[in-house]
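# Chains, contacts and geometry: an overview
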Amino acid sequence: MKLCVIGTGYVGLVGAAVFADWGNEVIGVDIDEAKIKKIERGIMPIYEPGLSDLVLLNVKQKRLSFTTNLKKGIQGAEIVFICVGTPQSKSGSADLSQVWQVSENIGKFMTDKIYKVIVTKSTVPVGTNEKVKQILKKFAPKSAKFDVASNPEFLREGCSVKDMQKTERTVVGTETERAMKVMRKFYEHLNMPIVECDLRSSEMIKYASNAFLATKISFINEMAQLCEKAGADVVKVAEGMGLDSRIGSKFLNAGIGYGGACFPKDVSALRRTSLDFAYDFALLQGVMRVNDVQKHYFANKIYEEFGGENLSGLTFACLGLAFKGDTDDTRESVAIKIIHLLRGRGAQVRVYDPEAMENAKRELGTSSVFFAKDKYEVLKGADAMLILTEWGEFKDMDLTKVKKLLKKPLIFDGRNLLDKKVVEANGFKYLAIGRKTGSQKQKAPDFRAAIL
Ligand code: UDX
């Protein structure tokens, strides 16, 4: 099939490459000329395993090309995917200005006679596709034949190529059988069931999924705080809970909170949507509040260990800057937020991340942060080691080497990544999330006071 993919970010670029690899003829469109030129030379704007090879292969085989010319991009296309950004606006809702602009342009340039399905893949609030249709109708020539469809993506950064190639689910919302037929034909080779529904339900599925996962994380993070006070171990609690197939073990890793370009903005946007419909989705407010508190709870451990407010004269070795492992993305990264908190109290930081150094330099500046070349150099002379991102390579640190490099054998593990027993057996003081430590005294609540 002939396709056009508008937007070459995480969703659009991965989508364009994978759809071309499925044998379609794909044109990727972006307004950013420099970005398009780089992609054509094989320089990817993002770090995503397998992406660069897939793009180059499909460009070479002439199934994939890129342009800044939207008119050219949509000419002859049977499906036009809208994959532009929908960042968080000041009010907490999704900023849809790029979606509106692109819809207007698609309308204006829809001059060929080919029936098109205009598909929104970007995460957009309920009702957006109906408005996209209105805009298209307003700007398209009377002769243009088209329908709209909602087809949200569920890609995880770091494995988005694999996720797009072999999705666990495909959700398609349309208003007409004709559009649904086109979408069925596009996905039929995957041999996977499609959740076929109306536009609004499809839009809602995406937000519901992300909000539910964020809720799972905030739940286990709040459990972690309780476990720590009550002398239980949240890692064991999560293991025990996760074996129940109704609960499942995924997204039950307690840590410093969720970040990234999706969860924070999508939870906030869904709450905003609920208020727009005069319904207060109060649970989501709790999810956001817990997530906000979690970084302070972790930072507090550091303040307490070093006697309070003033951290000047201390140096921390921060392992991890990306919002999660296997990505270079630092958007809404809790690691960066924690570094800001520590520097705000006068601490010096040495930092290292396997992929996110360049992005972190933009956020942290280079003047007073030491950017180390590896996971050991970062430790040199630091007062403590902080694990802030769940990178696999931080799991198997050589603890003897770590001990030699640090000033004190002290580890704050914000991702519960290390094996507590092994770390403590190697003579470290280990402070993690929701885990009892030998040195921490639990203050038992006075039950008598509650009864009397
Ligand atoms: C997410 C959704 O998973 C994906 O389906 C959607 O399309 C986009 O948003 P992504 O942003 O790549 O994907 O990140 P994800 O792997 O879901 O992790 C989000 C955040 O939650 C990270 O900061 C991660 O560190 C944190 N997290 C995840 C936890 O703190 N604990 C967990 O158990 C899992």
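Remember, predicted model here, so these are calculated numbers, not experimental data.

## A closer look at the site of the ligand
Around the ligand lies a shell of 19 residues, among which Leu 155, Glu 157, Phe 323, Lys 324 and Glu 390 are the nearest. At a separation of 3.4 Å, an oxygen atom of the ligand approaches a polar side-chain atom of Glu 153. Separating an oxygen atom of the ligand from a side-chain N or O atom of Arg 415 is a distance of 2.9 Å. Here the ligand, which alone exposes 670 Å², has 94% of that area covered by the protein. For the shell around the ligand, the leading source of residues is helix H9 (residues 199-230), giving 3 residues. Lining the shell around the ligand are residues from two domains, each supplying at least three of them: domain 1 (2-197) and domain 2 (231-431).

## Examining the environment of Ile 43
Counting through the fold element by element, Ile 43 comes out in the loop between helix H2 (33-40) and helix H3 (51-60). In the structure, Ile 43 is positioned 12 residues away from Val 55 in sequence and 9.8 Å away in space, judged by C-alpha atoms.

## Remarks on the domain arrangement of the protein chain
Along its sequence, the protein chain is organised into domain 1 (2-197) and domain 2 (231-431). Of note, the centres of domain 1 and domain 2, computed from C-alpha atoms alone, are 34 Å apart. On the domain 2 side, the residues contacting the 16 residues of domain 1 number 17 residues. When the buried area of domain 1 at its contact with domain 2 is split by residue, Tyr 47, Gln 88 and Glu 157 rank highest and sum to 43% of it.

## A look at the side chain of Lys 116
When you line up the elements, Lys 116 lands in strand E5 (residues 116-120). The buried category is assigned to Lys 116, whose relative accessible area is 0%. Once residues lying within four places of it in the same chain are set aside, the contact partners of Lys 116 are Ile 74, Gly 76, Ala 77, Glu 78, Val 80, Met 110, Lys 145, Phe 146 and Asp 147.

## Topic: the environment of Asn 210
Checked against the element boundaries, Asn 210 lands in helix H9. The exposure class of Asn 210 is buried, given its relative accessible area of 9%. C-alpha of Asn 210 to C-alpha of Lys 265: the two residues are 55 residues apart in sequence and 9.9 Å apart in space. The contact partners of Asn 210, leaving out residues within four places of it in the chain, are Cys 262, Phe 263 and Asp 266. A distance of 2.8 Å separates polar atoms of two side chains, one belonging to Asn 210 and the other to Asp 266.

## Quick look at the packing of helix H6 (residues 128-139) against H9
At a closest axis distance of 8 Å, the pairing of H6 and H9 adopts a crossing angle of 130 degrees. As judged from the angle between their axes, H6 and H9 are oblique. Contacts between H6 and H9 involve Thr 128, Asn 129 and Glu 130 from the former and Leu 199, Arg 200 and Glu 203 from the latter. Broken down by class, the residue content of the contact of H6 with H9 amounts to 1 nonpolar, 2 polar and 3 charged.

## Overview of the pairing of strand E7 (residues 170-174)
Residues in a regular strand point their side chains to alternate faces of the sheet. Burial of E7 is extensive: 5 of the 5 residues sit out of reach of the surface. Side chains of E7 alternate between two faces, with Thr 170, Val 172 and Thr 174 and Val 171 and Gly 173 buried alike. Bridge count between strand E6 (residues 146-150) and E7: 2 bridges; the pairing is antiparallel. Opposite Ala 149, over in E7, you have Thr 174 as the bridge partner. In the sheet, E7 pairs with strand E8 (residues 194-197) via 4 bridges, with the strands oriented parallel.

Rules and cut-offs
Residues numbered from 1 in each chain as written. Predicted model: local features only at pLDDT ≥ 70, side-chain atom pairs only at ≥ 80, totals over all residues. Heavy atoms only, no water. Near = heavy atom within 4 Å. Polar contact = N/O pair within 3.5 Å; in protein donor to acceptor, adjacent residues only side chain to side chain. Areas by Shrake-Rupley, 256 points an atom, 1.4 Å probe, with all protein chains shown as cover. Helix = DSSP H or I, 4+ residues; strand = E, 2+ residues; numbered from the N terminus. Domains from an automatic or database assignment. Contact = heavy atoms within 4.5 Å. Buried area = accessible area lost by both parts, 1.4 Å probe. Buried < 20%, exposed > 50% of the residue type's maximum accessible area, 1.4 Å probe, protein only. Axes fitted to C-alpha atoms, helices over the stretch in contact; angles between N-to-C directions. Parallel < 35°, antiparallel > 145°, perpendicular 65-115°, else oblique. Nonpolar A, V, L, I, M, F, W, Y, C, P; charged D, E, K, R; others polar. Pairing = 2+ DSSP bridges.

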